[in-house]
2 protein chains.
Amino acid sequence: MTLYGYWRSSAAYRVRIALNLKGIEVDHKSVHLVKDGGQQHHADYISLNPQQLVPALVLDDGEVLTQSMAMLEYLEDTHPEIPLLPSDTLAKAKVRALANAIACDVHPLNNLRVLQYLKGEAGLDDAAKDAWYQHWIVTGFNAYEAMLADTAGEFSFGDSPTLADICLVPQVYNARRFKIPLDNYPHIVRIVENCNRLAAFAEAAPENQADAV
Amino acid sequence: MTLYGYWRSSAAYRVRIALNLKGIEVDHKSVHLVKDGGQQHHADYISLNPQQLVPALVLDDGEVLTQSMAMLEYLEDTHPEIPLLPSDTLAKAKVRALANAIACDVHPLNNLRVLQYLKGEAGLDDAAKDAWYQHWIVTGFNAYEAMLADTAGEFSFGDSPTLADICLVPQVYNARRFKIPLDNYPHIVRIVENCNRLAAFAEAAPENQADAV
């Protein structure tokens, strides 16, 4: 399999963590999201992913998967030996709700194309763009921290890593990069520390990728 | 089960469609997203869903599910007789990718709280807000239309309705409400017509809900 990604892409970061946790080796190809007007907008990449977003996962038979959450579920379906979802249906729904609280309600609002639109077409200045960024992190983390009261152990759900942690860790990485204070989120901070002690998470971090600058 | 929703909420609309397709009866409770400063922000609702978003699905034993995509997967896990995902793992990943192309990359950018922030805190005027709305619909539908070339039959994936259609139909409903031209999306328009011929989709439409005004 080949993962087309970018070191700073949170969605690619998620997939890297899952691959590492499950012990699946893949080739990595870098799609530079800024250089050359954004390589994700080049014709050869559009033929892989019409959404012009990373990541894309090309399977050994040439089939292409897009959308990081769909990839995580695919890896779970095809490599269930190290599970990233609980087996109980209710527990599974709770993990997916935590994961989507990040993947649907925080990350899409703060990714590169959105920030570019806000500064470009919408004409926001840096202060207004930063306020937007912080607003959705704070709104999302306030809720996630509250949800953890019902679900957390050593990790977001119980005592082993799940799709929820896989979404949380890249989002916290971004929050720190943009210097958002995390003092109000003791459970989130504790869980992310537990995650980052695992090699699977640490090795997936942006700065450890070959295309990091 | 009780579904806390709102007639115009796209995420609640998705869950209504899935419940109808699977023939599951639930009680409906309306959470008015605008009246009283937004009933989703009231303490009694926050105790159900700390995200202060609809829908929330309260199970018969009192457990609460949040996040519409997690609910759809839960309904699939617990009521598999009328499947809304294919059984093949690759096909499943493609359906989930289509669904998430809407649920992660279009809808979160255009929902009520985001439009309120853009007009309020960010100070955009109506024209700039409408341009934002249209931009993310057009970007998302351009990609979805292209993805359909690989997947579509009578519906977004093959010839029966899936989670992809369940996400698409509410998004097209919104696009029409905001008068976005759909001429460039013949496959999307055709598939949505096929969906809306089914009672399960038609009866889930916003205007057919008890709390519609």
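Not measured: the values here are computed from a predicted model. (Residues numbered from 1 in each chain as written. Chains lettered and ligands numbered in written order. Predicted model: local features only at pLDDT ≥ 70, side-chain atom pairs only at ≥ 80, totals over all residues. Heavy atoms only, no water.)

Description of the packing of helix α7 (residues 126–151) of chain A against helix α6 (residues 112–119) of chain B
Put simply, α7 of chain A and α6 of chain B touch, their axes get as near as 12 Å, and they point 145° apart. Both α7 of chain A and α6 of chain B take part in a crossing whose hand is right-handed. Together, Ala-131, Trp-132, His-135, Trp-136 and Thr-139 of chain A of α7 of chain A and Arg-113, Val-114, Tyr-117 and Leu-118 of chain B of α6 of chain B make up the contact between the two elements. Considering only residue class, the contact of α7 of chain A with α6 of chain B consists of 6 nonpolar, 2 polar and 1 charged. (Axes fitted to C-alpha atoms, helices over the stretch in contact; angles between N-to-C directions. Helix = DSSP H or I, 4+ residues; strand = E, 2+ residues; numbered from the N terminus. Left-handed = near helix turned anticlockwise from the far one by under 90°. Contact = heavy atoms within 4.5 Å. Nonpolar A, V, L, I, M, F, W, Y, C, P; charged D, E, K, R; others polar.)

Digging into the interface of chain A and chain B
Between chain A and chain B, the residue contacts involve 43 residues of the former and 43 residues of the latter. The largest per-residue losses of area from chain A upon contact with chain B belong to Asp-105, Arg-113 and Tyr-117 of chain A, which jointly make up 14% of the total buried on that side. Measuring nitrogen to oxygen at the nearest pair gives 3.7 Å for the salt bridge that ties Glu-73 of chain A to Arg-96 of chain B. Among the secondary structure elements, those contributing two or more residues to the side of chain A that touches chain B are β4 (64–66), α3 (68–78), α4 (89–103), α5 (107–110), α6 (112–119) and α7 of chain A. Ranked by the residues each element gives to the side of chain A that touches chain B, the list is headed by α4 of chain A, at 10 residues. Taken together, the residues of the side of chain A that touches chain B break down into 27 nonpolar, 8 polar and 8 charged. (Buried area = accessible area lost by both parts, 1.4 Å probe. Salt bridge = Lys/Arg side-chain N within 4 Å of Asp/Glu carboxyl O.)

Digging into the packing of aromatic side chains
For the structure on display, the rule yields 17 aromatic pairs over all chains. Centre to centre, the rings of Trp-132 of chain A and Trp-136 of chain A are 5.6 Å apart; their planes meet at 75°, and the pair counts as edge-to-face. Remark: Trp-136 of chain A and Trp-132 of chain A occur in helix α7; sequence separation between them is 4 residues, near one turn of the helix. Its relative accessible area of 0% is what places Trp-132 of chain A among the buried residues. Seen from their ring centres, Phe-141 of chain B and Tyr-185 of chain B are 5.6 Å apart, and the 85° between their planes marks the pair as edge-to-face. With Phe-141 of chain B in helix α7 (residues 126–151) and Tyr-185 of chain B in the loop between α8 (163–177) and α9 (186–196), this residue pair connects regions lying 44 residues apart in the sequence. Side by side, Phe-141 of chain B and Tyr-185 of chain B carry an identical accessibility label, which is buried. Aromatic ring contacts, followed pair by pair, group Tyr-117, Trp-132 and Trp-136 of chain A together with Tyr-117, Trp-132 and Trp-136 of chain B into a single cluster. (Phe/Tyr/Trp six-rings, centres within 6.5 Å; stacked < 30°, edge-to-face > 60°. Buried < 20%, exposed > 50% of the residue type's maximum accessible area, 1.4 Å probe, protein only.)

Remarks on the side chain of Gln-209 of chain A
All names here are of chain A. Along the chain, Gln-209 turns up in the segment after α10 (199–202). Within the local environment of Gln-209, its side chain forms a polar contact with the backbone oxygen of Glu-203, the two atoms lying 3.0 Å apart. With residues near it in sequence (within four places) discarded, Gln-209 still touches Trp-7, Arg-16, Glu-203 and Ala-204. (Polar contact = N/O pair within 3.5 Å; in protein donor to acceptor, adjacent residues only side chain to side chain.)

Here we look at the environment of Ala-18 of chain A
Residue and element names in this part refer to chain A. Within the secondary structure layout, Ala-18 lies in helix α1 (residues 10–22). By relative accessible area, which is 1% here, Ala-18 ends up buried. Sequence separation of Ala-18 and Thr-151 is 133 residues, and the distance between their C-alpha atoms is 20 Å. Residue contacts for Ala-18: discarding those within four places in its chain leaves Leu-72, Leu-75, Leu-84 and Ile-166.

Topic: the UniProt feature "domain: GST N-terminal" (unreviewed entry) in chain A
The UniProt record annotates "domain: GST N-terminal" (unreviewed entry) at residues 1–83 of chain A. Annotated as 34% helix and 17% strand, the span residues 1–83 of chain A places its first and last C-alpha atoms 20 Å apart. (UniProt positions renumbered as here; feature names shortened; annotations may be inferred.)

Some remarks on the relation of the copies chain A and chain B
Mapping chain A onto chain B leaves a residual RMSD of 0.0 Å; the transformation is a rotation of 180° accompanied by 0.0 Å of translation along its axis. On this basis, the relationship between the two copies can be described by a two-fold rotation axis. Taking the C-alpha atom as reference, chain A places Cys-104 of chain A closest to the rotation axis, 2.4 Å from it. (Least-squares fit on C-alpha atoms with pLDDT ≥ 70 in both.)

Notes on the sheet that holds strand β1 (residues 2–5) of chain A
Pairing between the strands of a sheet is mediated by backbone hydrogen bonds and can be parallel or antiparallel. Residue and element names in this part refer to chain A. One open sheet holds the 4 strands; their spatial order is β2-β1-β3-β4, and the pairing between them is mixed. Two strands in the sheet have a free side with no partner beyond their single neighbour: β2 (27–30) and β4. Each neighbouring strand pair of the sheet contributes to a mean axis angle of 20°, computed without reference to strand direction. The pairing of β1 with strand β3 (residues 56–58) spans 3 bridges and is antiparallel. The partner of Tyr-4 across the bridge, within β3, is Ala-56. In the packing of α1 onto the sheet, contacts are made with β1 and β2, and the angle to β1 comes to roughly 150°. (Pairing = 2+ DSSP bridges.)

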